[in-house]
Amino acid sequence: MIAVSGTAVSVLSLGAVNIVPMPAEMKENRAVVQLPSDKLKVYAADPALEPLVDVWAEFLGKPYRPGTEKLSTGFTRIVSETVLPKIREARDMSAADIRLDIDRSLAEEEYVLTISPEEKVVISGGTAKGVWWGMQTLSQILVQSAASAGDGKPLSLPGLYVRDKPHFSYRGAHFDPCRHFFTVDELKTFIDIMALHKLNTLHWHLTDDQGWRIEIEKYPLLTKVGTVRKETKVGHINDKEAGYDGIPYGKGCYYTKKDVREVLEYASARQITVIPEIEMPGHAVAALTSYPWLGCTGGPYEVWTTWGVSEDVFCIGKETTFDFLEDVLDEICEMFPSEYIHIGGDECPSVRWKDCPDCRKRMQEEGLESERQLQGYLLHRIEKYLNDKGRKIIGWDEILEAGVTPTATVMSWRGPEGGIAAAKQGNDVIMAPNIYFYLDYYQTADPKANGEPLGIGGYVPLEKCYSFDPYDRLNENTKKHIKGIQANTWSEYIASFDHYQHMDLPRFSALSEVAWSEDKTSYEDFLSRVTASMKPMYEYFGYIYAPYVFEGIK
Ligand code: ACM
Ligand code: ZN
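Sequence order as written defines the numbering, with residues in each chain counted from 1. Just so you know, chain letters begin at A and ligand numbers begin at 1, following the order they were written in. Local features are withheld for residues below a pLDDT of 70 in this predicted model, meaning they are given only at 70 or higher, and side-chain atom pairs are given and counted only at 80 or more; totals for whole chains, interfaces and linings count all residues. Derived side-chain values reflect all non-hydrogen atoms in the structure, with water molecules and hydrogen atoms excluded from consideration.

**Here's the deal with the overall build of the chain**
Under the scheme used here, helices are H or I runs from DSSP no shorter than 4 residues and strands are E runs no shorter than 2 residues, and both carry numbers assigned from the N terminus. From N to C terminus, the chain includes 17 helices and 23 strands. We take the radius of gyration over the C-alpha atoms and set the globule estimate at 2.2 Å times the residue count to the 0.38 power. At 25 Å, the chain has a C-alpha radius of gyration in line with the 24 Å of a compact globule built from 554 residues. The principal-axis extent of the C-alpha atoms belonging to the chain is close to 90 × 50 × 45 Å. Per-residue burial for the chain yields a buried fraction of 60% across its 554 residues. Whether two residues are in contact is decided by their heavy atoms: any pair within 4.5 Å suffices. Restricting the contact set of the chain to residue pairs at least 6 apart, pairs at least 24 apart contribute 72%. Of the roughly 21,300 Å² that the chain leaves accessible, carbon and sulfur atoms contribute 50%. Here Asp and Glu are counted as negative and Lys and Arg as positive; His is not counted, and neither are the chain ends. Charge placement uses NZ in Lys and CZ in Arg. For Asp and Glu, CG and CD serve respectively. Distance between charge centroids for the chain: 2 Å, based on 59 positive and 81 negative side chains. Burial classes follow relative accessibility: with a 1.4 Å probe on protein chains only, a residue under 20% of its type's maximum area counts as buried, one over 50% as exposed, and anything between as partly exposed. Only the protein chains shown count as covering a residue, and every accessible area follows the Shrake-Rupley method with a 1.4 Å probe.

**Here's the deal with the coordination of the zinc ion (ligand 2)**
Distances from the zinc ion (ligand 2) to its protein donors, Cys296 (SG), Cys315 (SG), Cys356 (SG) and Cys359 (SG), fall at 2.3 to 2.4 Å. We note that the donor set of the zinc ion (ligand 2) lies within a single chain, spaced as C-x18-C-x40-C-x2-C. Pair noted here: Cys296 is in the loop between α6 (285-290) and α7 (319-335) and Cys359 is in helix α9 (residues 357-366), with a separation of 63 residues, a long-range link. The residues Cys296 and Cys359 share a single accessibility class, namely buried. For Na, K and Ca the donor cutoff is 3.2 Å, while for all other metals N, O and S atoms count as donors only within 2.8 Å; water does not appear among the atoms, so some sites may look incomplete.

**What about the nonpolar core?**
As a rule of thumb, soluble globular proteins bury nonpolar side chains together. What makes a nonpolar core is a set of buried Ala, Val, Leu, Ile, Met, Phe, Trp, Tyr and Cys residues whose side-chain atoms join them at distances within 4.5 Å. Formed by 165 residues in total, the largest nonpolar core has its most connected members in Trp56, Phe324 and Phe508. Of the residues forming this core, the biggest block, 10 residues, is contributed by helix α2 (residues 128-149).

**Focus on unusual backbone geometry**
Cis geometry marks the peptide bond from Met280 to Pro281; its omega dihedral reads -5 degrees. Here Pro281 lies in the loop between β16 (273-277) and α6. Omega for the peptide link from Gly299 to Pro300 comes to 5 degrees, which places this bond in the cis form. Within the secondary structure, Pro300 sits in the loop between α6 and α7. In this structure, Gln271 is a non-glycine residue whose phi angle is positive, near 60 degrees. Residue placement: Gln271 occurs in the loop between α5 (257-269) and β16. For His283, which is not glycine, the phi dihedral falls at a positive 50 degrees. A relative accessible area of 4% means that His283 is categorised as buried.

**Here we look at the pairing of strand β19 (residues 409-412)**
Burial along β19 is two-sided: the face carrying Thr409 and Met411 and the face carrying Val410 and Ser412 are both buried. Only strands that DSSP links by at least two bridges are regarded as paired with each other. As judged from the three bridges shared by strand β18 (residues 392-396) and β19, these two strands associate in the parallel manner. Directly across from Trp396, in β19, lies its bridge partner Met411. Note: β19 against strand β20 (residues 429-431), three bridges, orientation parallel. In the sheet register, Met411 faces β20, and the bridge partner there is Ile430.

**Digging into the side chain of Lys233**
Mapped onto the fold, Lys233 is located in the loop between α4 (221-224) and α5. Only one rule defines a salt bridge in this text: a Lys or Arg side-chain nitrogen within 4 Å of an Asp or Glu carboxyl oxygen. Buried charge without a partner: Lys233 forms no salt bridge, and the closest opposite charge is Asp239, 5.5 Å away. Here Asp239 takes part through its backbone oxygen, which lies 2.8 Å from a polar atom of the side chain of Lys233. Not counting the four nearest positions on each side in its chain, Lys233 is found in contact with Asp239, Ala242, Gly243, Tyr244, Thr305, Thr306 and Trp307. For the purposes of these results, a polar contact is taken to be a pair of N or O atoms within 3.5 Å, where, inside protein, one atom must be able to donate a hydrogen and its partner to accept one; residues adjacent in sequence count only when each atom of the pair is a side-chain atom.

**Overview of the state of the cysteines**
Here, the word disulfide means a covalent bond between the sulfur atoms of two cysteines. The definition used for a disulfide is geometric: two cysteine sulfur atoms within 2.5 Å. Applying the stated criterion to the full structure yields zero disulfides. Lacking any disulfide linkage, Cys253 is separated from the closest cysteine sulfur, that of Cys178, by 11 Å. Of the cysteine sulfurs around Cys348, a residue in no disulfide, the closest is that of Cys296, at 9.4 Å.

**A word on helix α10 (residues 371-388)**
Structurally, the α-helix is built with 3.6 residues per turn, so residues lying three or four positions apart point the same way. What a helix is expected to span follows from its residue count: subtract one and scale by 1.5 Å. Its 18 residues give α10 an end-to-end C-alpha distance of 26 Å, which sits within 8% of 26 Å, the value for a rise of 1.5 Å per residue. Every buried residue of α10 is accounted for by Glu371, Leu374, Gln375, Gly376, Tyr377, Leu378, Leu379, Ile382, Glu383 and Leu386. Trailing α10 by a residue or two, Gly390 shows a phi angle of about 85 degrees, which is positive.

**Overview of the pairing of strand β23 (residues 482-487)**
Counting buried positions over the six residues of β23 gives five, a clear majority of the element. Here four bridges tie strand β12 (residues 170-175) to β23, and the two strands are oriented parallel to one another. In the strand pairing of β23, Tyr170 is matched with Gly484. In this structure, β20 lies alongside β23, joined through three bridges in parallel fashion. By the bridge assignment for β23, Ile430 is matched with Gly484.

Quick look at the structure:
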């Protein structure tokens, strides 16, 4: 307790402000700044920042009632008592509690946050992005202060100076609605969760063997036929005896063009870029089922009902495959303004190409000596097509084996090795190594004993995520190719959005700090900040998080 103007109020004690990810520079002082308990007035000093006020008000609007709720999906939602004052736009600066401003001397995503008795709270950013990330830092401080003050009491913030900017420009989270579908509203919540962790790139995986999930006007069967599988594998893929559920899945489960516009607008307002992924040449069974002429054998095919890697892939011999892919990419580029388009490229067997007269003919005509080179032919042709439309490609690390051009960005998923090799040969890299950042992997050493829901396997506890060094085995010349970090959460075993959150939280905290903070602290310090700041944030918003690390379970 510190006495302010003769009244005893609870204030976060000096050194007790906990922020994740760790800011580049943070200094607290003994000043105390009191804010009202009913509403906080925010003044946008630059018109470009005005939309942020409403978005932040919506973001901090409390969606759930306090308490502990057992959900029908088997997960527990814990919602804290913390109540924040309402956010309102201030018309004049002198009446404001919080002032937002642009400072062009700062970098695009950089911000300075000051809390002082003279000016109350000021956030300056190089652009709206920087200001928005500063507002995320302030959100954490407000929630901690409100929790410390108690419901309905004025907030007392400590004097503070934070100067902060991200280490990596690409801080990504991948979202898989193909194996199990998630609604636009759920995706919006996912975007909120990303923003909370200062993640700025959503990788939207839109097509796979088990479901095609995006409307393409020229090929209506993709969303009539390609969205639906007749049943789904029960239990783990290795559990042969568990069989299938006999229940059709996926009718109407796709995003319309209107949905895409809505998601892009929502993400953009939260300073998040969306990169779509259209898988090729593998993971294509849903497309082949819709249009069997896309495959080497001509089918018939069936939208996949199980998980893994199918031998049925796009035929690279037939020109009609390229007509299809280019038409799809035309509509994708119309919908998505992103600089990058992800074209997949992973897990593509070549058995069908070996037996296909069209593929053999293509290899002969183009002088291709192996099926991997045939895959490279598709990759290069599609890359050129997208480059001509002003876009760049990202592909999974298998594109290295297919023979990658210097302009493609490699997403390293089979460990960091693909990314290291790519950086050494001069390609840009996103690190998404499964052994550190596959969040469909288990979070404890003994998932059964600890009551974890069914997962794909593996063991990636929070500490493992946090230990990732993106520059391992790289030197000054090659480090510059590491553009960022991403976590992937594949949804084979994740049938509900509650479960999705359980897999991502709190591990997104580690993703956030590895991607944002140039200098990580120790795992112990990180965990104490996650416990003091992110856990209350999850509880404030009513997000589902995995409890294991907070219960000392490894
Ligand atoms: C992948 O996990 N197959 C990219
Ligand atoms: Zn073929």
